[in-house]
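# Structural features, examined
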Amino acid sequence: MKKSSIILIVIIAVAISMILVIYTDSSTYANFTEAKEKQTELYVVGVLNKEKALHYDPVKDANHFSFFMYDSDSTECQVIFNGSKPQDIERSEQIVLTGRMDGNIFHASKILMKCPSKYNKDQVEVIETTASL
Amino acid sequence: MDVNYVGEQLLPGQIGQFFVILAFGSAILSCVSYFFATQEPDIKSWRTMGRIGFWTNLLSVVSIGSLLFYIIYNHLFEYHYAWAHSSRSLPTHFIISSFWEGQEGSFWLWMFWQVLLGAVLLFRAKSWESPVMTFVMLSQTFLASMLIGIEFFGSRIGSSPFILLRDALVAPIFKDPNYLSMIADGSGLNATLQNYWMVIHPPTLFLGFASMIVPFAYAAAGLWTKRFKEWITPGLPWALFAVMVLGAGIIMGSFWAYEALNFGGFWAWDPVENVSIIPWLTLIAAVHVMVAYKNSGHGFFTATFLALISFVLVIYASYLTRSGVLGETSVHSFTSLGMSGQLIAFNVTFLLLTILFLVMRNKEMPSTQKEEDIYSREFWLFIGGLVLTVACIQMIATTSIPVFNTIFGTKVAPPIDPIPHYNKYQGAFAVVVMLLTAFTQFLKYKKTDSRKFWAATLASFIMAFIIAGLIIYFAKLYGNAMYILLTFTCVFCLLANLRVLGDAVKGKWRLAGSAVAHIGFALLLLGALIAAATNEVMSVNESKYIAVQNFGKEGDKFSDPGENLFLTQDEPVQMGDYRVTYIGDSVASPNVYYKIKYERLDEESGQVKESFVLRPYAQNNPDMGGLIGTPGTHHSITHDIYTLITAAASESQAKASGMPEEEKTGYEDYEEPATYQVNIGDTLRYRNGYYVIEGINRNAKLNNIPKGPDDIIVGLTIKVVTADNKSYPVEPVFVIKDGNTYDFNKDVAEEGLRFRFTNILPKEDKLEIMLYQKPLPEKKWVVFKAIKFPFINFFWAGTIIMTLGFGLSIYRRLKDGKFS
């Protein structure tokens, strides 16, 4: 057997085992109920409860932001984020949180938001004054 | 219902749409003609037709671009593209970036570069013209189909940049023939893209992507026409060109992210970044194996395979970023325009071509029975190429998790923390690659004297050991085994290639290109490593609540002290070595610039040793959802200080502004008053100083109230002394007129004070006063984040040196090509 063939086999083996290991690094999408059971770090997808107030008072603590979110089963949960308020969270259509449940509060380490993109924000801004002809 | 719309300029769009169709048709014509020109080389008219098709395509592509630019530049908002991506207030250079903000524009950019490269090939490729151009024009056909925007059998093919606004959207105003005069402005360009790097990063990146077709075309042409050994020589400079441009384009994007985005870094392992670096790495692997093959005859299959698969991966990258499949995993993936079917077809076609040629020609491919010597350069070049490929497999596997989810219906989430996940794997691969890049320099092709090899290697190894030790010590990298190994191998690679460069200076100029590129890459990695490993958040909130927040748990990211610091205007805060002060802001609509002053003091003398002002800015854009911060960065040779505003006070408004005029009592601006019973001579405190009750003025007069015989008008003289020793006299007045009591207040406007003299209490022998104070004016504040990136300049300098090295190599390989 040629040396290069042996090396090729070794490398393929490394590649396959690596891919298997990658999937142990992967995480899961869950809702708040599952997050409570599992107590590990995971993803929760949901929408912001726009009726309840977002709490961010930088004068008191610039690293404390809390809000309420519904998950995919419409379960509501309070979320605390140890950082400043993300800039356009009020407009978000969907939120992907990374974090874990602590008691009845979800502690997020990362917030990813999907905002209405320019592609589907197809509302034409119309000026009131009609040109006089 | 037909409406005669007023004021629309329909002609540019109609001409544009014509050229869109012409571009598609001419690309097909050219591709097919070149195909037959390759199959039947004796019939010259096939090649002529191919060329006619090509020049028609070039003309069409240039016309599409000019018309689209005309539309955007003249703000013709009857066109959806102009309306969706630009606005009247954009300066010209950002109008250029709005040109490629949308998918249609970026596909055009790709087509434009591809057709320009085709023009170069037409003149330079000579005997390779027909087969190579077949593949270039096949790719051009697919790209042209992305712009068609016409329905065939109920499904829309592509998306035209010339679609009218009233066709793209459904809204009641389009019933009005005069709708155009009601559209005030376009939606504008995304604020984060309004950066001058966004003017040059996309063209460079797309030139890199577009030039990847050329090595593919040469490799495929070599297999097709059975000119196996020959394709490498003309293909190599093209592959180097693609690698050079794509590499520069990727790092420009990284620089843009660092300068303009707010995630605080230069590389985040975001899917969009990964998919652009994967084809870059596979083509680098291809270049190395191609060089090995040229010099030894080993590794033909691998070289060809890597050149082919690199372009397939480019198409895969555009599928991932443009089909919307990345959805929840990427911050900045494009949304779908309904073209994922076309992109899959594009991808599958080129993948099938790759497989087809490799299988068809498998038996005929040149191969050597002789085994490579372990002390030979080609053997290790080959291994290096494979290691790079495996590194790419890791990136593809993790990045493609959403694709697997779509195919298999699973719901696997990507790793929670992508950066450590990728660093773990790619760090290990980088160590191996740098080690190989170092010692392979001491090997010769075919056979090397093992003693000489070990002597030269060991000398550099020991030197590297000492230098790396110093770097590790001073950059404090010793806590992490991966950092130590990577630093060492980078230094080793640097030294080994410096030796080669030394030889080059002595006369072997041909070797300079690779040595310079390797030095650049080693510096780049070293810079990235030090900056990423030792960057520190300076704005850690050290003073507040740590004990409570941390719950005694160290290093828990949920409860660590946060990374944002609160600054009130003109109140300096010590942050690490620096004293930072928020000294004010200035408005240059639509941006607000926040001036943050940094001062480093000498510990003993207290003198300012270093001082600079950073101006991070933020755009308060309600359309984009409030405050969008753009960092300000202080660059110095040894480190950068990155500062980003994460929140700021909205302009404080008068508290009473919302109250109707008639309900105003004049006291809304004041806090709840305090009532005191005082005697003459008393001294009382207020928030910002004190005041003395000096005496009673019995001769007080009121201008428009005549004093009756029984009336009493008394003034109370009070002296207000502020904290900075300014004094103000003030005299509120108490009145008894016709049996009723009144009082007339007096203000000290400078201090926000209002005094009332409300009663005289003869029994207690006291005077009653009321003091109103205005609330302290809300001081302006900002919340910001500051990160120190040490030695990040290595990263940028390494990139420039690497690009230079690629340039030298292209020059050398072009010269080699002429000789043979």
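Treat the numbers as computed from the prediction; the structure is a model and nothing was measured.

Secondary structure assignment for chain B yields 21 helices and 24 strands. Here chain B has a C-alpha radius of gyration of 36 Å; the compact-globule value for 820 residues is 28 Å, and the former is much larger. Dimensions of chain B along its principal axes, counting C-alpha atoms only, are 130 × 80 × 50 Å. Taking all 820 residues of chain B together, 44% fall into the buried category. Considering only residue pairs separated by 6 or more positions, chain B has 68% of its internal contacts joining residues 24 or more positions apart.

What follows covers the pairing of strand S18 (residues 727-730) of chain B. All names here are of chain B. Across four bridges, strand S17 (residues 712-722) lies against S18 in antiparallel orientation. Looking across to S18, one finds that Lys719 is bridged to Pro729. With antiparallel pairing between neighbouring strands as the criterion, S17 and S18 make up a hairpin whose turn holds four residues, including Asn725 at a positive phi of roughly 65 degrees.

What follows covers the packing of helix H12 (residues 300-322) of chain B against helix H13 (residues 340-360) of chain B. All names here are of chain B. Between H12 and H13, the shortest axis-to-axis distance is 9 Å and the interhelical angle comes to 165 degrees. Regarding the angle of H12 to H13, the classification is roughly antiparallel. Of the two elements, H12 crosses H13, and the hand of that crossing is left-handed. Of H13, the residues touching H12 (which contributes Phe305, Leu308, Ile309, Phe311, Val312, Ile315, Tyr316, Ser318, Tyr319 and Arg322) are Leu343, Ile344, Phe346, Asn347, Phe350, Leu351, Thr354 and Leu358. Taken together, the residues that form the contact of H12 with H13 break down as 14 nonpolar, three polar and one charged.

Attention now moves to the UniProt feature "domain: Cytochrome c-type biogenesis protein CcmF C-terminal" (unreviewed entry) in chain B. Within this structure's numbering, the places UniProt gives as "domain: Cytochrome c-type biogenesis protein CcmF C-terminal" (unreviewed entry) are residues 357-537 of chain B. A helix fraction of 72% and a strand fraction of 2% characterise residues 357-537 of chain B, whose end C-alpha atoms lie 53 Å from each other.

What follows concerns the UniProt feature "transmembrane region" (unreviewed entry) in chain A. The residues that UniProt annotates with the feature "transmembrane region" (unreviewed entry) are residues 6-23 of chain A. Along residues 6-23 of chain A the backbone is 100% helical and 0% strand, and the end-to-end C-alpha distance reaches 27 Å.

All names here are of chain A. By the element assignment, Ile105 lies in strand S7 (residues 105-114). By C-beta crowding, Ile105 is classed as exposed, having 12 other C-beta atoms within 10 Å. Sequence spacing of Ile105 and Ser92 is 13 residues, and the spatial spacing of their C-alpha atoms is 21 Å. Setting aside its immediate chain neighbours within four residues, Ile105 contacts Gln78 and Ile80.

Next up on the list: the pairing of strand S9 (residues 608-614) of chain B. Within a regular strand, the side chains alternate between the two sheet faces. Residues and elements named next belong to chain B. With six bridges connecting them, strand S8 (residues 591-601) and S9 associate as antiparallel partners. Each residue of the ladder has a partner; that of Ile596, found in S9, is Leu614. Between S8 and S9, which pair antiparallel in sequence order, lie six residues; one of them, Gly606, sits at a positive phi of approximately 75 degrees.

Between its first and last C-alpha, helix H16 (residues 418-439) of chain B extends 32 Å over 22 residues, near the 32 Å set by a 1.5 Å rise per residue. Turning to H16 of chain B, its buried residues number three or more, namely Tyr422, Tyr425, Ala430, Val433, Met434, Leu435, Leu436, Thr437 and Ala438 of chain B.

Time to look at the packing of helix H2 (residues 44-73) of chain B against helix H4 (residues 92-99) of chain B. Residues and elements named next belong to chain B. At a closest axis distance of 10 Å, the pairing of H2 and H4 adopts a crossing angle of 125 degrees. Relative to H4, the element H2 lies oblique. In terms of crossing hand, the pair formed by H2 and H4 is right-handed. On H4, the residues touching Leu68, Phe69, Ile72 and Tyr73 of H2 are Ile95, Ser98 and Phe99. Partitioning the contact of H2 with H4 into residue classes produces six nonpolar, one polar and no charged.

Right, let's get into the environment of Ala391 of chain B. Residues and elements named next belong to chain B. Counting through the fold element by element, Ala391 comes out in helix H14 (residues 377-399). What makes Ala391 buried here is the crowd of 24 C-beta atoms within 10 Å. In the structure, Ala391 is positioned 34 residues away from Tyr425 in sequence and 7.7 Å away in space, judged by C-alpha atoms. With residues near it in sequence (within four places) discarded, Ala391 still touches Leu281, Gln426 and Phe429.

Counting residues in each nonpolar core, the largest one holds 208 residues, and the members touching the most others are Ala239 and Val243 of chain B. Once residues lying within four places of it in the same chain are set aside, the contact partners of Ala239 of chain B are Pro215, Leu283, Ala286, Val287, Met290 and Ala307 of chain B. Residues Leu42, Val44, Met69 and Ile89 of chain A belong to the second largest nonpolar core, which totals 23 residues.

With that settled, the discussion passes to the sheet that holds strand S21 (residues 746-748) of chain B. All names here are of chain B. Pairing within the open sheet is antiparallel, and its four strands lie in the order S14-S23-S22-S21. In this open sheet, the two edge strands, each paired with only one partner strand, are strand S14 (674-678) and S21. Direction aside, neighbouring strands of the sheet carry axes that sit 30 degrees apart on average. Judged from the eight bridges that link them, strand S22 (residues 753-761) and strand S23 (residues 766-773) form a sheet pairing that is antiparallel.

With that out of the way, let us pick up unusual backbone geometry. Positioned with a positive phi, Gln39 of chain A is a non-glycine residue whose angle comes to about 60 degrees. Residue classification places Gln39 of chain A among the exposed positions, given that 10 C-beta atoms sit within 10 Å. The backbone phi angle of Lys226 of chain B is positive, close to 60 degrees, even though this residue is not glycine. Structurally, Lys226 of chain B is set in the loop between helix H9 (213-224) and helix H10 (232-260).

When you line up the elements, Asn49 of chain A lands in the loop between strand S2 (42-48) and strand S3 (55-56). Non-local contacts of Asn49 of chain A, meaning those with residues more than four positions away in its chain, are made with Phe68, Met69, Tyr70 and Glu76 of chain A.

Here we come to H12 of chain B. Residue and element names in this part refer to chain B. When the terminal C-alpha atoms of H12 are compared, their 34 Å separation across 23 residues agrees well with the 33 Å that a helix rising 1.5 Å per residue should span. With respect to burial, H12 is a largely interior element, 22 of its 23 residues being buried. The first or second residue beyond H12 is Gly324, which carries a positive phi of 80 degrees.

Rules used in this analysis
- Residues numbered from 1 in each chain as written.
- Chains lettered and ligands numbered in written order.
- Predicted model: local features only at pLDDT ≥ 70, side-chain atom pairs only at ≥ 80, totals over all residues.
- Helix = DSSP H or I, 4+ residues; strand = E, 2+ residues; numbered from the N terminus.
- Rg over C-alpha atoms; globule rule 2.2 N^0.38 Å.
- Buried ≥ 20, exposed ≤ 12 C-beta atoms within 10 Å, placed from the backbone.
- Contact = placed C-beta atoms within 7 Å.
- Pairing = 2+ DSSP bridges.
- Axes fitted to C-alpha atoms, helices over the stretch in contact; angles between N-to-C directions.
- Parallel < 35°, antiparallel > 145°, perpendicular 65-115°, else oblique.
- Left-handed = near helix turned anticlockwise from the far one by under 90°.
- Nonpolar A, V, L, I, M, F, W, Y, C, P; charged D, E, K, R; others polar.
- UniProt positions renumbered as here; feature names shortened; annotations may be inferred.
- Expected span 1.5 Å × (residues − 1).
- Core = buried A, V, L, I, M, F, W, Y, C linked by C-beta atoms within 7 Å.

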